[in-house]
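Overview (structure and organization)
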Amino acid sequence: MILAFRENVEGVLLACAELMQNKDCELVSAKDRDALKKKMDFTGISDVKQLGFRATVDTSKLVRHIFGSQRPRMFQRDPDVEGYISLVLRHHSCRPIELVHFMASCEGNVGLLYSGKTRIGKKYYNYMRDVSRSYHRLCMFARPYSVNGVLSVKVDSPHHIGDMFCRWLARKNPDLPVAVIERDVAWIGNGRYVGLEHYTNVPASLAGSLKFTSATDEIDDLWDMYYDSQAIHKRRNKIHAKQLQPKASASMSKMSERDRYKVERGIANCTLDNFAPGSEV
C-alpha cells in the first residue's frame, strides 16, 4: 500500500500511525494536493491513500495514540511533540519521509525524539534546535521599516520561518498591517487593514502595492535617535555588545546592519534634548 501524506504536523502524525500498523507501507509526501497530483502524474501512481489533505483532525489525540501521555524532554524549553514536528519540517534539510520512519521506529517512546541517543534522532533534534534559534534570532534582530504605512521586513533565513515571524510581528503590532517578505512570498499579518484576510500570503512583488495611511515613515530615524540617546560611552562594553548583536544579525535588515555598525564603530553624540519639539532629526 502507498501512503501519501501532507508535509505538515497532521500529515506526519497520521503517516506515523499508519506505518506503525503496517510496516510494509511505501510513503510519498507533498506540500499540498497540487504537488501530490504532479508527483502522481510523473510516477504513474494512481491508487494511494491520502493523509492530511482533507479534514483537520485533533493532533493532540494522534500524539496520545502514538506516544501515550509521556512528556519527557531534554530541556525544559523544548516544545511538545507537535511543536517538535512543526519546527523540524521548517528546516531546509528536513526529509519528511525519513522523519516519519524515525518517529515510527521510536515505537511509542517519546523520549527518543529528544534524547539524541541515535544518529538520526540527534540529527532531527538538532534540526529542531536550529530552527528555534533562527526564529528567536529573527525576533531579536530583524528591524521592520514602514512602506506606505505597512510594517515590512525582508527575512533571509535558510529555514521556512517567515510565517512564524509574521504572526509574532502582527501580535506585537495589532494596530498595523505587517508584511514579511521571504524569497518570492510575502506573508501578511493584520491584513484586514489593507483589505485582505487576517493572515494570508501574496506574491512578494505585490507587497509594495499595499497601503495603510495612518502610519509614518520615520521609524528608522526615531530608532536611531533613541538608540544613540540611551548609550553611555563610559559604560560601553564592546565584547558584550558583539555577543548580543552578533555579526550574523547584520544581514537581517538595514536597521540591524546600522546597529551592528554602531557596535563596531561607536555612535554619534546624541542626548534626550534631541527629542524636544523643534529639534532636528
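Note: the structure precedes this text.
Residues numbered from 1 in each chain as written. Predicted model: local features only at pLDDT ≥ 70, side-chain atom pairs only at ≥ 80, totals over all residues. Heavy atoms only, no water.

One open sheet holds the three strands; their spatial order is 2-1-3, and the pairing between them is parallel. Every interior strand has two partners, whereas the edge strands, strand 2 (26–30) and strand 3 (49–51), have only one. The average angle at which neighbouring strand axes cross in this sheet is 25°, direction not considered. Relative to strand 3, strand 1 (residues 2–6) runs parallel, the two being bridged by three bridges. When the sheet's bridge partners are listed, Phe5 is paired in strand 3 with Leu51. Relative to the sheet, helix 1 (residues 9–21) contacts strand 1, strand 2 and strand 3, its axis offset from that of strand 1 by approximately 155°. Lying over the sheet, helix 5 (residues 96–105) contacts strand 1 and strand 2, oriented at roughly 130° with respect to strand 2. (Pairing = 2+ DSSP bridges. Helix = DSSP H or I, 4+ residues; strand = E, 2+ residues; numbered from the N terminus. Axes fitted to C-alpha atoms, helices over the stretch in contact; angles between N-to-C directions. Contact = heavy atoms within 4.5 Å.)

The subject of this paragraph is the state of the cysteines. In the structure shown here, the tally under the stated rule is zero disulfides. You can see Cys106 has no disulfide; the closest cysteine sulfur is in Cys16, sitting 7.8 Å from it. (Disulfide = S-S within 2.5 Å.)

In contact at an axis separation of 9 Å, helix 1 and helix 5 are set at 55° when each is read in the N-to-C sense. The angle between helix 1 and helix 5 places the two elements in the oblique class. Here the hand of the crossing between helix 1 and helix 5 comes out right-handed. Along its contact with helix 1, which presents Val12, Leu13, Ala15, Cys16, Leu19 and Met20, the element helix 5 presents Leu99, Val100, His101, Met103 and Ala104. (Parallel < 35°, antiparallel > 145°, perpendicular 65-115°, else oblique. Left-handed = near helix turned anticlockwise from the far one by under 90°.)

What follows deals with the packing of aromatic side chains. In this structure the tally under the stated criterion is four aromatic pairs. With 5.3 Å between their ring centres and 80° between their planes, Tyr124 and Tyr127 make a pair best called edge-to-face. Placement of both Tyr124 and Tyr127 in helix 7 (residues 119–141) is noted, with a separation of three residues, approximately one turn of the helix. For Tyr124, a relative accessible area of 0% corresponds to the buried category. A ring pair is formed by Phe165 and Trp168, whose centres lie 5.7 Å apart and whose planes are at 20°; its orientation type is stacked. Separated by three residues within a single helix, Phe165 and Trp168 lie in helix 8 (residues 162–172), roughly one turn from each other. The exposure class of Phe165 is buried, given its relative accessible area of 0%. Three or more aromatic residues link up through ring pairs in this structure, and these residues are Phe102, Tyr124 and Tyr127. Lying across the ring of Tyr199, Arg167 places its NZ or CZ 4.3 Å from the centre. (Phe/Tyr/Trp six-rings, centres within 6.5 Å; stacked < 30°, edge-to-face > 60°. Buried < 20%, exposed > 50% of the residue type's maximum accessible area, 1.4 Å probe, protein only. Lys NZ or Arg CZ within 6 Å of the ring centre and 35° of its normal.)

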